[in-house]
Amino acid sequence: QVQLVESGGGLVQAGGSLTLSCVASGIIFRLNAMGWYRQAPGKQRELVADITSGGSTNYADSVKGRFTISRENAKNTVNLQMNTLKTEDTAVYYCATGRYTGWNRTFTSGYWGQGIQVTVSS
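All figures in this text were calculated on a predicted structure; none of them were measured in a lab.

Description of the nonpolar core
Move 1: With 28 residues, the main nonpolar core has Leu 20, Trp 36, Phe 67, Val 78, Leu 80, Met 82 and Tyr 93 as its most contacted residues.
Move 2: Mapped onto this core, the elements with two or more residues apiece are strand E3 (18-25), strand E4 (33-39), strand E5 (46-51), strand E7 (67-72), strand E8 (77-82), strand E9 (91-101) and strand E11 (116-121).
Move 3: With four residues, the single largest contributor to this core is E3.
Move 4: Leave out the neighbours within four places in its chain, and Leu 20 touches Ser 7, Gly 8, Gly 9, Trp 36, Val 78, Asn 79, Leu 80, Met 82, Tyr 93, Ile 116 and Val 118.
Move 5: The next biggest cluster of nonpolar side chains, apart from the first, holds five residues, and it includes Ala 33, Tyr 37, Tyr 94 and Ala 96.

Written as structure tokens, this is what we have:
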């Protein structure tokens, strides 16, 4: 059974940092692209960052320069380092496997984790 388990969420003050981790099982991790999504109350789910099997990265404009996605293939783990957090970063964050599809190589999700809450206070 495929499982993605997120950890590292919680409450942090604006301007602070958190690092999320996601441990995957049931997949050949090194062959999968991985991504982080988030969904705030009343808003659509947003792709925050993704990383290819080779380590190339992409970020949403809203987090570019503040967040860093990375992977540790030996640990079947993908991380999201979040710096200079803002109240608008408050959301449930989801880890997902993925692949790139279409002519523009859009990240397309496969399996999902359960989500983890990140709350940024003012």
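Let us keep going from here.
Observations concerning the packing of aromatic side chains
Move 1: The full count for this structure, using the stated rule, is four aromatic pairs.
Move 2: Taking the centre distance of 4.5 Å and the plane angle of 40° together, the rings of Tyr 37 and Trp 112 count as tilted. With Tyr 37 in strand E4 and Trp 112 in strand E10 (residues 106-112), this residue pair connects regions lying 75 residues apart in the sequence.
Move 3: Since its relative accessible area comes to 31%, Trp 112 is described here as partly exposed.
Move 4: Here Tyr 100 and Phe 107 contribute two aromatic rings whose centre-to-centre distance is 5.7 Å and whose plane-to-plane angle is 70°, an arrangement assigned as edge-to-face.
Move 5: Owing to a relative accessible area of 8%, Phe 107 belongs among the buried residues under this scheme.
Move 6: Members of the aromatic cluster, connected to one another through ring pairs, are Tyr 37, Tyr 94, Tyr 100, Phe 107 and Trp 112.
Move 7: A cation over an aromatic ring shows up here: Arg 45 above the ring of Trp 112, its NZ or CZ 4.4 Å from the ring centre.

A look at the state of the cysteines
Move 1: Inspection of every chain in the model, using the stated rule, returns one disulfide.
Move 2: Residue pairing for Cys 22: its cysteine sulfur links by disulfide to Cys 95, the two sulfurs lying 2.1 Å apart. In this structure, the disulfide formed by Cys 22 and Cys 95 twists by about -75° around the S-S bond and is classed as left-handed. Highlighted residues: Cys 22 in strand E3 and Cys 95 in strand E9, separated in sequence by 73 residues.
Move 3: A relative accessible area of 0% means that Cys 22 is categorised as buried.
Move 4: Residue class for Cys 95 comes out buried when judged on its relative accessible area of 0%.

Basis of the calculations
Residues numbered from 1 in each chain as written. Predicted model: local features only at pLDDT ≥ 70, side-chain atom pairs only at ≥ 80, totals over all residues. Heavy atoms only, no water. Core = buried A, V, L, I, M, F, W, Y, C linked by side-chain atoms within 4.5 Å. Buried < 20%, exposed > 50% of the residue type's maximum accessible area, 1.4 Å probe, protein only. Helix = DSSP H or I, 4+ residues; strand = E, 2+ residues; numbered from the N terminus. Contact = heavy atoms within 4.5 Å. Phe/Tyr/Trp six-rings, centres within 6.5 Å; stacked < 30°, edge-to-face > 60°. Lys NZ or Arg CZ within 6 Å of the ring centre and 35° of its normal. Disulfide = S-S within 2.5 Å.

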